[in-house]
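Here is what each chain is made of, one letter per residue.
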Amino acid sequence: MTSSTRNQPQNHHHPNPYGTTAAPPPTPSTQPHPHSTSDAAADDLSRLLQRLPPSLSIPNRRSSPPSTTTTSPPLVSLSDPSRTLTASILSASQLGYFQLTNHSISPQLARSAESESLSLFNLPPDQRETSFPKNWPLGFDGEDTEDESFCLDLSCSTDSAELSLTSLREFTCEMEKVGLEVIEALSCAVGFENPARKDPTRVCSLMWISDGPPGNKPVFLGKFYPYVVGLQYQISCQKYSMLADSGWVSVLPQVDSVLVTLGDIAQVWSNGNLKKVRGRATPVLGDGNNSPHCISMSVLLTLPLDSTVSSLLPRGAAGDGEEDGVNEAQDGGAGKKKERRFHSFPFEDYAWRVYHERLLLKDPLDRYRAPET
């Protein structure tokens, strides 16, 4: 792929799980949009602030969020009867995150995958580049030395014959299965159509492995890539910080649970009924940590690059042709019709924008919100 921006992805032979695209989407500054006036002004301000000297710029994505009380995320058990599971998911979706218990992920597999992930960051820098060539969003990203990351597809493939990632590959596959169960439960609880139910290729998975700074210097958003649901296995007693719709939150899930975050795509699919977490949950370590690495493994269930993102509204009765509204009984109302809250948009354009800008000034979904009537 080619681009006019300095952050252009490189065209390597690394396999792309999303299919081949002729070129990356246009950069945000060239995007036409129905709400271009206000959005363009906000984007120009964002770019200006990024160019300011450090002494004059606003806090960037590494800045500490306001102090928050650490809480335990809502518990959801996959072993519950379907009706109980639906109720639990529906309740937890009002926060945008929860911890999943009684899942199928083995603690031993998770620890083995973590060990293999750690070995990747022990490779010499040039070997990281050659073993995982950049093919956006896949490959090794070392541009930010305080937040290096590997983005791998479901096969966790590498161009190095010397690296064995068997456990990481199996772990990613098992986490994807759990993520698909979560999406199905969400669709049943909230009332939107699950695209992966009939066609599994409508969603795909990325394993995002990050190495943030140790100690009490958290990396709060890191690389921002859109997703439906994000999953992180809780290997040890570990706090996470997240930017939810309600603001910054700090959570401490149970050991061996899976921290589930609902992403921006899930919010659009549900026509705004689901709350979301912006970006990935990121670990916060205490002062006593002396490890040179702070490994974070996140499995993101996301979309192929050629997808279009839109609200997945329940259709009207057979033959009535009503597809522009949503039954408000599924949307907190009393049987009326409610308009879509988001305009449809190309996923590739959106993903490119949020990945390369990674700004906290506004919710990136704001530009796609439909005006209230």
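Heads up: the structure comes first, above all this text.
Residue numbering note: each chain is counted from 1, following its sequence as written. For this predicted model, a pLDDT threshold of at least 70 governs which residues receive local features, and a threshold of 80 or more governs which side-chain atom pairs are given and counted, while totals over whole chains, interfaces and linings are taken from all residues. Think of the side-chain values as coming from all heavy atoms in the structure, minus any hydrogens and water.

J.: Could you clarify how one ought to interpret unusual backbone geometry in this entry?
T.: Most of the time, phi is negative for any residue but glycine, and the peptide bond is trans. For the peptide bond that leads from W136 to P137, omega is 5°, which places it in the cis range. The numbering of helices and of strands both runs from the N terminus, where a helix is a DSSP run of H or I of at least 4 residues and a strand a run of E of at least 2. Within the fold, P137 resides in the loop between helix 4 (125-131) and strand 4 (139-141). One non-glycine residue, C156, lies in the positive phi region at around 50°. Mapped onto the secondary structure, C156 falls in the loop between strand 5 (148-152) and helix 5 (166-190). A simple rule labels every residue: compare its accessible area, found with a 1.4 Å probe on the protein chains alone, to the largest value its type can have, and call it buried under 20%, exposed over 50%, or partly exposed in between. Classification of C156 by relative accessible area gives buried; the value is 0%. Of note, D256 is a non-glycine position whose phi angle comes to about 75°, a positive value. By the secondary structure assignment, D256 is in the loop between strand 9 (247-251) and strand 10 (258-262).

J.: Even after reading the chapter, I still don't get the side chain of Q267, so can you show me in this structure?
T.: Its location among the elements puts Q267 in helix 6 (residues 264-269). In this description, contact between two residues means that some pair of their heavy atoms is separated by no more than 4.5 Å. Excluding residues within four positions of it along the chain, Q267 makes contact with D245, G272, L274, K275, K276, F342, L365 and R369.

J.: How should the sheet that holds strand 8 (residues 239-244) be read in this particular structure?
T.: Strand pairing within a sheet occurs via backbone hydrogen bonds; the two strands may be parallel or antiparallel. Any two strands are treated as partners once DSSP identifies two or more bridges connecting them. Across the sheet, 4 strands lie side by side as 1-9-8-11; this open sheet has mixed pairing. Because the sheet does not close on itself, it has two edges, and the strands there are strand 1 (70-71) and strand 11 (277-284).

J.: I keep staring at the nonpolar core and nothing clicks. Help me out?
T.: Looking at soluble globular proteins, one finds that nonpolar side chains tend to be buried together. Within the largest apolar cluster, 85 residues are counted, with the highest numbers of intra-cluster contacts made by F171, I209 and Y225. Examining the composition of this core, we find that 10 residues originate from one element, helix 5, more than from any other. Among all residues touching I209, those that are not within four sequence positions of it are S117, L120, F121, E148, S149, F150, L152, L168, I295, S296 and M297. Here, nonpolar core refers to any group of buried Ala, Val, Leu, Ile, Met, Phe, Trp, Tyr and Cys residues whose side-chain atoms link them within 4.5 Å.

J.: What is the right way to read the packing of helix 2 (residues 82-92) against helix 5 from this model?
T.: Think of two packed helices as two axes; the pair is described by the angle between the axes and how far apart they sit. As a packed pair, helix 2 and helix 5 sit with axes 9 Å apart at the nearest point and diverge in direction by 85°. Taken as axis vectors, helix 2 and helix 5 run roughly perpendicular relative to one another. Of the residues in helix 5, those touching helix 2 at L85, T86, I89 and L90 are A185, L186, C188, A189 and V190. Under this grouping Gly is polar, as are all residues other than the nonpolar Ala, Val, Leu, Ile, Met, Phe, Trp, Tyr, Cys and Pro and the charged Asp, Glu, Lys and Arg. By residue class, the composition of the contact of helix 2 with helix 5 is 8 nonpolar, 1 polar and no charged. Here, axes are lines fitted to C-alpha atoms. For helices the fit covers the stretch in contact, and angles between N-to-C directions go from 0 to 180 degrees. Geometric relationships in this document are graded by angle, where less than 35 degrees denotes roughly parallel, more than 145 denotes roughly antiparallel, 65 to 115 denotes roughly perpendicular, and other angles denote oblique.

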